[in-house]
Amino acid sequence: MRSVRLLSSLSRGAASGRLGGGGLQNQSIRAFGVTNGAGGDEDRGSPPSDQPPAGTVSSGGRQRLQQPLAPSTRLRVFGPQARAVRHKSSLPQHDETEAEAQDAVDAAALEAAPRLDNNTSESVVDYTSDATKAGTPSPWAVFDAWGAGDVIVDPLSGEEEALLSPDMVRIPMSDDDPAAAGLPDESEILSSYDKLLRRKSSVHFGYPYNLMYNHEELYEFMKYSINNLGDPFITSNYGVHSRQFECSVIDFFARLWKMEEDSYWGYVTTCGTEGNLHGILLARECHPDGVLYSSRETHYSIFKAARYYRMDAKAIPTLPMGEIDYDALAAEIEKNRDRPVIINVNIGTTVKGAVDNLDRILRILNTLKIPRERFHIHIDGALFAMMMPFVDWAPELSFEKPIDSIAVSGHKMLGCPMPCGIALSRKEHVKKVEQRIDYLNSVDTTIMGSRNGQAALYLWYSLRKKGVAGIKRDVV
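Sorry if this is basic, but what is going on with the overall build of the protein chain here?
Looking only at helices and strands, one finds 13 helices and 14 strands in the protein chain. Counting all 476 residues of the protein chain, 46% fall into the buried class. When the accessible area of the protein chain is evaluated, it comes to approximately 24,400 Å², of which 53% is carbon and sulfur surface.

Shown next, in the form of structure tokens:
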């Protein structure tokens, strides 16, 4: 039930059209019965007082938690004076003793965890040496809501399910293959598969995809092998491409995020993860000895990039609402100020939808007197970066600020039948990875070689049909 309440709260937060303050982040925390009040991170670690605990509401003169906390729940506080705040209850003393014993076990495990250096705070996970990190725990990982709406689309019959079994979809090696005997016709299999997908798509819980789209006008183009291999701005020798549409998509987002003409470069990716891999690659090439800082609730693709590129990476603790702990970030940068700073800023974390405060991070760099040539900022905006420009009172996200690259998903907010995304960066950074490929008659600047030209066409079509006004209607 907790996962259902969380998802319901997330939906309400998204529907409000506001990401700051009482938006998605607060809603997701309330779903667990925990809030940090209006004081934000300044309230962290405040000792219990006579005031009702955060996350309570009044009911008939009595105080009650919106969602009761487990007796052993601790809010771990990171900072110069780290401490644990326990919400005690009237349970027997031995239960409290067991919880304290578990605290000791947790502390011992933290102390024994491998660390690359002795300069890292105990509250900061040195990701490069921590192979257990695999992404933020998800409340819907234990709740399969796909196709939960049986009243909308009838479930498959036993015969229909059997048509999709491994034995039925097997590909025979020859006409004489014994496995080929009795196999159903492909049309029968696809008919069952279509019914399965209609049922699975009838109730869409947990994953933030926009399924309200209609691309029937583009079906005719599926008969072409459209490949945008090479750089999107440099023509290759492959003639069946959608490069003109791809460049139009990149131009749109460059204007949306206020990039000056001829100062940007980008391409249509297979997903937000590819955009993150590209953005962090550029950061590594610009600062080979830099340290990557990102919050613990960061999407796993950022730490995947660190692993792929052999980068030192620090997983910074988060505040209760899911955004990065700014004090811990500042302290860690200060400890490593002899090395360049690479920061991933989350604009919508995977589970809580938390938005890191870009302006506050820039103030930290300014306070620590980190010069512009010594820091690099990548924005993981897969979830909300496409929404932020249309949300009232949302923090401004633009390249007028000293950011270097951004990655966005196209199949989430905009809607697309295939996973896709957009990577956008400052043009001068791309020169560091550019290589001439003679047989393509183009240059290699992207993660992938052959690239799906259909995705660029679908994104262009969605943007043209919706327009800025249509996207704003979807957001708010």
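Teacher, can you tell me more about unusual backbone geometry here?
Peptide bonds are, in most cases, trans, and in most cases residues other than glycine have a negative phi. Within the chain, aspartate 262 stands out as a residue other than glycine whose phi angle is a positive 70°. Among the structural elements, aspartate 262 can be located in the loop between helix H6 (243-256) and strand S6 (264-269). Residue class for aspartate 262 comes out exposed when judged on its relative accessible area of 59%. The phi angle at asparagine 441 is positive, at roughly 55°, despite the residue not being glycine.

Even after reading the chapter, I still don't get the state of the cysteines, so can you show me in this structure?
The full count for this structure, using the stated rule, is zero disulfides. The thiol sulfur of cysteine 416 is not disulfide-bonded, and the nearest other cysteine sulfur, from cysteine 420, lies at 3.8 Å. Residue cysteine 416 is classed as buried on the basis of its relative accessible area, which comes to 7%. By relative accessible area, cysteine 420 is classed as buried at 0%.

Help me out: how do you make sense of helix H13 (residues 453-475) in this one?
In an α-helix, one full turn covers 3.6 residues, which means residues spaced three or four apart are oriented alike. Its 23 residues give H13 an end-to-end C-alpha distance of only 27 Å, which falls more than 12% under 33 Å, the value for a rise of 1.5 Å per residue. Of all the bends in H13, the greatest measures close to 90° and is centred on glycine 467. With a side-chain oxygen positioned 2.8 Å from the backbone nitrogen of glutamine 454, the residue opening H13 is asparagine 452.

So what exactly am I meant to see when it comes to helix H10 (residues 358-367) here?
By the burial criterion, the buried members of H10 are Leu358, Arg360, Ile361, Leu362, Ile364 and Leu365. If you follow the buried residues of H10, they end up packed against helix H9 (326-335), strand S9 (341-346) and strand S10 (375-380). In this structure asparagine 357 caps H10, since a side-chain oxygen of it lies 3.1 Å from the backbone nitrogen of aspartate 359.

I keep staring at the pairing of strand S8 (residues 312-316) and nothing clicks. Help me out?
Both faces of the sheet carry side chains from a regular strand, because those side chains alternate between them. The element S8 is extensively covered by neighbouring structure, given that four of its five residues are classed as buried. For strand S7 (residues 291-295) and S8, the ladder comprises five bridges, and the chain directions are parallel. From the neighbouring strand, tyrosine 293 faces S8, where its bridge partner is lysine 314. Each parallel crossover has a hand, and the one from S7 via helix H8 (residues 300-308) to S8 is right-handed.

Honestly, the environment of leucine 362 in this entry has me stumped. Any pointers?
Inspection of the secondary structure assignment puts leucine 362 in helix H10. Sequence-distant contacts of leucine 362, defined by excluding residues within four places in its chain, comprise Phe375, Ile377, Lys401 and Pro402.

Even after reading the chapter, I still don't get the packing of aromatic side chains, so can you show me in this structure?
Between two aromatic rings, the relevant description is the distance of the centres plus the angle of the planes. Applying the stated rule across the entire model yields five aromatic pairs. Ring plane angle 50° and centroid distance 5.5 Å describe the contact between tryptophan 265 and tyrosine 267, whose orientation is recorded as tilted. By relative accessible area, which is 5% here, tryptophan 265 ends up buried. An aromatic cluster is defined as three or more aromatic residues linked by ring pairs; in this entry it consists of Phe252, Phe253 and Trp257.

Looking at this structure, how should I read the confidence of the model for the protein chain?
The predicted structure's coordinates, where accompanied by low pLDDT, should not be read in detail. Looking at the protein chain as a whole, its pLDDT mean stands at 78, while 69% of the residues score no less than 70. Below pLDDT 50 for its whole length, residues 114-118 participates in 11 contacts with residues either more than four positions away or in separate chains. Contacts for the low-pLDDT stretch residues 129-135, under 50 throughout, to residues beyond four places or in other chains number 11 contacts.

Definitions and cut-offs
- Residues numbered from 1 in each chain as written.
- Predicted model: local features only at pLDDT ≥ 70, side-chain atom pairs only at ≥ 80, totals over all residues.
- Heavy atoms only, no water.
- Helix = DSSP H or I, 4+ residues; strand = E, 2+ residues; numbered from the N terminus.
- Buried < 20%, exposed > 50% of the residue type's maximum accessible area, 1.4 Å probe, protein only.
- Areas by Shrake-Rupley, 256 points an atom, 1.4 Å probe, with all protein chains shown as cover.
- Disulfide = S-S within 2.5 Å.
- Expected span 1.5 Å × (residues − 1).
- Bend = angle between axes of the 7 residues up to and from the residue.
- Polar contact = N/O pair within 3.5 Å; in protein donor to acceptor, adjacent residues only side chain to side chain.
- Contact = heavy atoms within 4.5 Å.
- Pairing = 2+ DSSP bridges.
- Right-handed = clockwise from strand over helix to strand, strands pointing away.
- Phe/Tyr/Trp six-rings, centres within 6.5 Å; stacked < 30°, edge-to-face > 60°.
- pLDDT = per-residue confidence, 0-100.

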